[in-house]
Each structure stands twice: as C-alpha cells, then as structure tokens.
There are 2 protein chains.
Amino acid sequence: MKIITISREFGSGGRELGKRLSDTLGIPCYDRKIIEAIAERYGYSEDYISHISEKEIEVMYPSTIGQSFAGYNYIMQPAMEIMSAQQKIIKELAGQSDCIVIGRCADIILKDLHPLNLFIYADIKSRLARCINRTSQKEHLTDREMAQKIKQIDKERAAYRKIFTDNQWGNIKSYHLCVDTSDREIKKLIPGLSMYTKCWFDAELSGN
Amino acid sequence: MKIITISREFGSGGRELGKRLSDTLGIPCYDRKIIEAIAERYGYSEDYISHISEKEIEVMYPSTIGQSFAGYNYIMQPAMEIMSAQQKIIKELAGQSDCIVIGRCADIILKDLHPLNLFIYADIKSRLARCINRTSQKEHLTDREMAQKIKQIDKERAAYRKIFTDNQWGNIKSYHLCVDTSDREIKKLIPGLSMYTKCWFDAELSGN
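Residues numbered from 1 in each chain as written. Chains lettered and ligands numbered in written order. Predicted model: local features only at pLDDT ≥ 70, side-chain atom pairs only at ≥ 80, totals over all residues. Heavy atoms only, no water.

### A word on the interface of chain A and chain B
Right, so step 1: Opposite the 32 residues of chain A that make contact, chain B presents 32 residues.
Right, so step 2: Of the roughly 3,000 Å² buried between chain A and chain B on both sides combined, carbon and sulfur atoms contribute 58%.
Right, so step 3: In terms of surface lost to chain B, no three residues of chain A exceed Ile172(A), Arg184(A) and Tyr196(A), which account for 22% of the buried area on that side.
Right, so step 4: Residue Lys173(A) is joined to Glu9(B) by a salt bridge in which the shortest nitrogen-to-oxygen separation is 2.9 Å.
Right, so step 5: Along the contact surface separating chain A from chain B lie 17 residue pairs in polar contact (both at pLDDT 80 or more). (Contact = heavy atoms within 4.5 Å. Buried area = accessible area lost by both parts, 1.4 Å probe. Salt bridge = Lys/Arg side-chain N within 4 Å of Asp/Glu carboxyl O. Polar contact = N/O pair within 3.5 Å; in protein donor to acceptor, adjacent residues only side chain to side chain.)

### What about the packing of aromatic side chains?
All names here are of chain A.
Right, so step 1: Under the criterion given, the structure shown has 12 aromatic pairs over all chains.
Right, so step 2: For the pair tyrosine 44 and tyrosine 48, a centre-to-centre distance of 5.7 Å together with 40° between the ring planes defines the contact as tilted.
Right, so step 3: Its relative accessible area of 21% is what places tyrosine 44 among the partly exposed residues.
Right, so step 4: Residue classification places tyrosine 48 among the partly exposed positions, given a relative accessible area of 29%.
Right, so step 5: Note on phenylalanine 119 and tryptophan 169: the rings are 5.4 Å apart at their centroids and 85° apart in plane angle, and the pair reads as edge-to-face. Taken together, the residues phenylalanine 119 in strand S4 (residues 116-121) and tryptophan 169 in the loop between helix H8 (143-164) and strand S5 (177-180) connect sequence positions 50 residues apart. Like tryptophan 169, phenylalanine 119 is buried.
Right, so step 6: Joined through ring pairs, the aromatic side chains of Phe119, Tyr121, Trp169 and Tyr175 make up one cluster. (Phe/Tyr/Trp six-rings, centres within 6.5 Å; stacked < 30°, edge-to-face > 60°. Buried < 20%, exposed > 50% of the residue type's maximum accessible area, 1.4 Å probe, protein only. Helix = DSSP H or I, 4+ residues; strand = E, 2+ residues; numbered from the N terminus.)

### Thoughts on the relation of the copies chain A and chain B
Right, so step 1: With an RMSD of 0.0 Å, chain A superimposes on chain B once it is rotated by 180° and translated 0.0 Å along the axis. Considering both components of the superposition, the chain copies are consistent with a two-fold axis. Identified as the residue of chain A closest to the rotation axis by C-alpha distance is Cys178(A), at 2.4 Å.
Right, so step 2: Both copies contact each other with a shared surface, as 100% of the interface residues of chain A are interface residues in chain B too. (Least-squares fit on C-alpha atoms with pLDDT ≥ 70 in both.)

Keep in mind that these numbers describe shape and distance, not what the molecule does.
If you want it as structure tokens, here you go:
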C-alpha cells in the first residue's frame, strides 16, 4: 500500500502539487472529496465542513457566542462529529487503494499504513504571488491583508495538528521530504518528485 | 552553473548521498578535497584542519588554555586563517564547474551562485545504526556514547553555521529540499534525487 500525504503552507502550491503528482502516478488524490463524503453522509453543508476541517477547536469556537454550556454544545458537537467523520473517511479512502491525501493531518491519521509524508513550503514572496494569482476579483485583498491571511491560516493548521500529535507542523522531523516551491514552476518539479516517491517506497531497509 | 550543497545531521548518510549523487550526475563532489587543498596551500596538517573546519570558534577554543591574549592568539589565528582559506577554496572550486559541496556552510558561502541546498536527516535509531556500522573496531563506543557523540557534532555544526548566518541549521526554511533517510537504503533514493535536482534547476520561474 503506497500512501502519500501532503501537508503544506498556505499558498505554497501544495494542493496543485498533490493533484499533478496524482495524475503522474495514476492514483487518486483526496482533498475536496473528503468534504463531499462527509456532507453526503452526515448532512452538513460543504462550506460548513470546509470551515471546520483544518481548524483547532478553539479557533472554531468564537468568543462572541459566550461561555454558556448550551452555546458550547451548539458549536462543539457538530465540530467534533465532523472531525471524527473526517478521520473515519480518510481511513476508508486510504484503505481502498494507493492514494494521495492533502492536509487534515492525514500523516498522523494514517500512520499505521506507513505513508510517505511530504511538507510543501515557500518563501512569503512566492506565496503572496500564488495567492494573488488565484484569488477571484471579488475577494480583493492588499498584499498586507493577504500576508495576514496566509499567517492566520498557517497558524490554524499548526494548531489543528496539535490535537493529534506532539510532532510540530512545519518541523523537518515530522516529515519524510520537505519541498521548497519558492520561485519554481510546480509542474516542472513533478517528474523528479514522482520518481522520488517511487524510489522511497522501494528503498525501505529490510527488518524495519 | 548548477551547484548543489549538502548540509546533514551526523550519521544521516549525507556524505554517502552526496558522493552517489555526484557519480550519477557526473559532477565532482567536494568534501575531503577542500581539506587537502587547504593543507597543501597553507601547510597545516589535514587532521588539524578537519578538527577546525566545521566547529564554532568557541568550541575550538578550549577553556584550559586560559584567557591570556597570547593563548587566544595561539589558537585563534590559525583557526581564523583556516576558516577564511576554506571559504576561498570553496568559492574557487565551485567557480570551476557544476559540483556538489558537502557541509562547511557552502550554501551560505555560495549564495550568489544560487545553489540547490539539501538537508539530510534521519531518526536517531537509523543514525546510530549507520554510525556503528562504519566505526572502526578501535573506536568502540556504546550506543549511549555514540548517541552523545552524534548530539555533540550536530551541536557544533549548528554553532558553526551561526558564524555565517541567522538561518538556522536544520530549519526547513534554510534549505530547498530536506530528505529523511531513516530506514532507507541511500543508494535506492539516488535515481529520484538526481532527477529532482535536474527538475529543480529547470523549474525556475522567469523573472527571478
């Protein structure tokens, strides 16, 4: 079973990289499909699930809702249900065939399947350029606002990871291969990356 | 000009990886040759240069020698000369042709040549196994002693790096590709890595 997980900084092109790698390797890439599966099975809206699915509990729980037990339950019960559904669905999908899973702490959730865990990152200049390129006209942010958004989303991803593990988000030791996409065209990195993933699975020393 | 630098944790197999990559890419790999060149040009012994060449000044300067100006000069003058010679020789070698340079903060020294900077690391179990395998019978260390030696050498490398840059040793953001060699046969990773290095140089976005 060859499972690849992709953790990534916001704006680093991790999702694009995952999708291109999946095309080249001929294996499915799970990202949005996880959200669709939760929506279908549990009846939440996809937008609501997207909002929850990579954030830490504290981030999900707005201070404006007050500290009442009822308010807490109102927010937390569906959040917990979505987190638990997400884990279940990731395990189900990964159990079906070789695949790539993007984000959602899949590296930790699928640990027993010995995945190859990638981390994709880039300098702030490249991430800003990538984010501004893909942002719709409607959501016009200044460079400064976009940099703040990038920082905030990374913070939420790091916090979400803490629910699952002590292994730090973005720390070298939490991954098997860390790829800097600064000033690089992702498409052109794929032949090397796909070859490396094949090598990595074949290179395992016997006795481990 | 295609320059690859390799920074590495002690025992991660970074040197072996560099040499194999150099064979596959057909470009020279500079490691011991840097020391030989300094020895030849400046007349120090190779052992003495090895001792100095990746250690921070404070590590080189034993407290037992006292705080006298004469004692300080006795240790520091050749140390500074070797450090400066090392930088000069690394720049000379890298100026001659595409190459791989192992250690010695070559990523910082050669920054203007836009090298591909790799960091090689592994979990402590794999590093212990690798170190014990290559240690001669004469230098018999227990696992605990070897683990201490690994920790000490990494500490010296991190401290040496601080002389040159604020970019931290072993921090993802200081490198372009970070490769975990835990439980992996280095030889089998090389086809993927050599392909990746080629892709990386070709993938540069225009305008950078």
